[in-house]
Amino acid sequence: VQELVIENGEGALKTYKFYPTIERTKLAFKLGQVDKLTEMLDPAPFHTWNSAVVQKTLNTNQVVTLFFNTQDKILSEKSLRQALTYAIDKNSFEGERAISSISPSSWSYNPQVKQYNYEVDRAKELIEELPSEVKKELSIKLVSTPALLNFAEKIKGDWQKIGIDSTVQVSGVTPSEFQVYLTILDIPKDPDQYPIWHSTQTATNISKYSNPRIDKLLEDGRVQLDLEERRKIYLDFQRFSLEDLPAAFLYHPNYYTIERK
């Protein structure tokens, strides 16, 4: 445990404690070692405590995202990526439903994109239509950041309902090799997402996504100065990329502050 002691300017001292895991952080609150938790993604079990006050703040500048490895031998099939996305009950998460990699508060946000609502039957139809060689290898390895482990387990359960086995692995860093990676994407203030999706950006395009149409839209968006024309470019970028689905955008996360009464 690391500690940082800061004077508040009036002579009083405030101690900040940093714990290595979410579980250890919550245990410290249960044991009375700390009186306040901040930036928690999951308020359980304290939301049921009469002795705790829980405050919620929505962050629409972040989106919990499933990145698909589009070069993987089975996830290169767009229909499989779509089936996995349809199978997830996105309204079961602690946050506001997301449909895009661009914030709903942005001037370039497109609400008229394919939304992949929770449709188990549609997911099963897409699975049935997959090539036989893909159906033979339908086992998914899902890598998750530590903070999203509980949500990764929910996704695993949803995939089991459509007959897909999966395993969950935790990684504190972005994995160099993966099939599906669950993490939180910080949405840039400007809609330019060239580093995330352009095929030349091998270091930051973690989905290994390559689509000439998307490349051209991202290139045009960077050089277009007319705001309305630029907006049209990013509306198209969202529409076409969401159809292709290199990543599934699940929800904008709530962050919780938990304080002892």
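What you are looking at is a predicted structure, and each value in this text was computed from that prediction instead of being measured.

Criteria and thresholds
- Residues numbered from 1 in each chain as written.
- Predicted model: local features only at pLDDT ≥ 70, side-chain atom pairs only at ≥ 80, totals over all residues.
- Heavy atoms only, no water.
- Phe/Tyr/Trp six-rings, centres within 6.5 Å; stacked < 30°, edge-to-face > 60°.
- Buried < 20%, exposed > 50% of the residue type's maximum accessible area, 1.4 Å probe, protein only.
- Helix = DSSP H or I, 4+ residues; strand = E, 2+ residues; numbered from the N terminus.
- Expected span 1.5 Å × (residues − 1).
- Arc of directions from axis to C-beta.
- Contact = heavy atoms within 4.5 Å.
- Core = buried A, V, L, I, M, F, W, Y, C linked by side-chain atoms within 4.5 Å.
- Polar contact = N/O pair within 3.5 Å; in protein donor to acceptor, adjacent residues only side chain to side chain.
- 1 Å grid on protein atoms, 1.4 Å probe; cavity = no way out; pocket = protein on both sides within 12 Å on 5 of 7 lines; lining within 4 Å.
- Points joined across faces, edges and corners; volume = space filled by probe spheres on them.
- Nonpolar A, V, L, I, M, F, W, Y, C, P; charged D, E, K, R; others polar.

Some details on the packing of aromatic side chains
So, step 1. Here the structure, examined in full by the defined rule, presents eleven aromatic pairs.
So, step 2. Summarising the aromatic geometry, the rings of phenylalanine 46 and tryptophan 49 are spaced 4.8 Å apart at their centres and angled 85 degrees between planes, so their arrangement reads as edge-to-face.
So, step 3. For phenylalanine 46, a relative accessible area of 0% translates into the label buried.
So, step 4. Under the relative-accessibility criterion, tryptophan 49 is labelled partly exposed at 26%.
So, step 5. Taken together, the aromatic side chains of Phe29, Phe46 and Trp49 make up a single cluster linked through ring pairs.

Regarding helix H5 (residues 149-160)
So, step 1. With twelve residues, H5 ought to run about 16 Å at 1.5 Å a step, and its terminal C-alpha atoms sit 17 Å apart, in line with that.
So, step 2. Residues Phe151, Ala152, Ile155, Asp158 and Trp159 constitute the buried set of H5. Across the axial projection of H5, the buried residues extend over an arc of 115 degrees, all falling on one side.
So, step 3. Along its buried surface, H5 packs onto strand S5 (62-68), helix H2 (78-86), strand S7 (139-144), strand S8 (165-170), strand S9 (180-186) and strand S10 (247-260).

So, the nonpolar core
So, step 1. Counting 61 residues, the largest nonpolar core has Leu66, Leu80, Trp159, Leu182, Trp197 and Leu250 as the members making the most contacts within it.
So, step 2. With six residues, the top contributor of residues to this core is S10.
So, step 3. Those residues in contact with leucine 66, other than ones at most four positions away along the chain, are Ile88, Leu142, Ile155, Trp159, Val180, Tyr181, Leu182, Pro246, Ala247, Ala248 and Leu250.
So, step 4. Among the nonpolar cores identified, the runner-up in size contains ten residues, and Ala28, Val34, Met40 and Tyr256 belong to it.

A few points about helix H8 (residues 227-244)
So, step 1. For H8, spanning 18 residues, the distance from its first C-alpha to its last is 26 Å, which sits close to the expected 26 Å at 1.5 Å a residue.
So, step 2. All of the buried residues along H8 are Arg230, Ile233, Tyr234, Leu235, Phe237, Gln238, Ser241, Leu242 and Asp244.
So, step 3. In this structure aspartate 226 caps H8, since a side-chain oxygen of it lies 3.2 Å from the backbone nitrogen of glutamate 228.
So, step 4. Backbone geometry just downstream of H8 places leucine 245 in the positive-phi region, at approximately 60 degrees.

Description of the layout of surface pockets
So, step 1. Roughly 1,000 Å³ of internal volume is contained in the largest pocket.
So, step 2. Lining the largest pocket are 29 residues, and of these Lys17, Thr25, Leu37, Thr38 and Met40 lie nearest its centre.
So, step 3. Elements that contribute at least two residues to the lining of the largest pocket include exactly strand S2 (13-18), helix H1 (22-30), strand S3 (36-40) and H5.
So, step 4. By residue class, the composition of the lining of the largest pocket is 15 nonpolar, six polar and eight charged.

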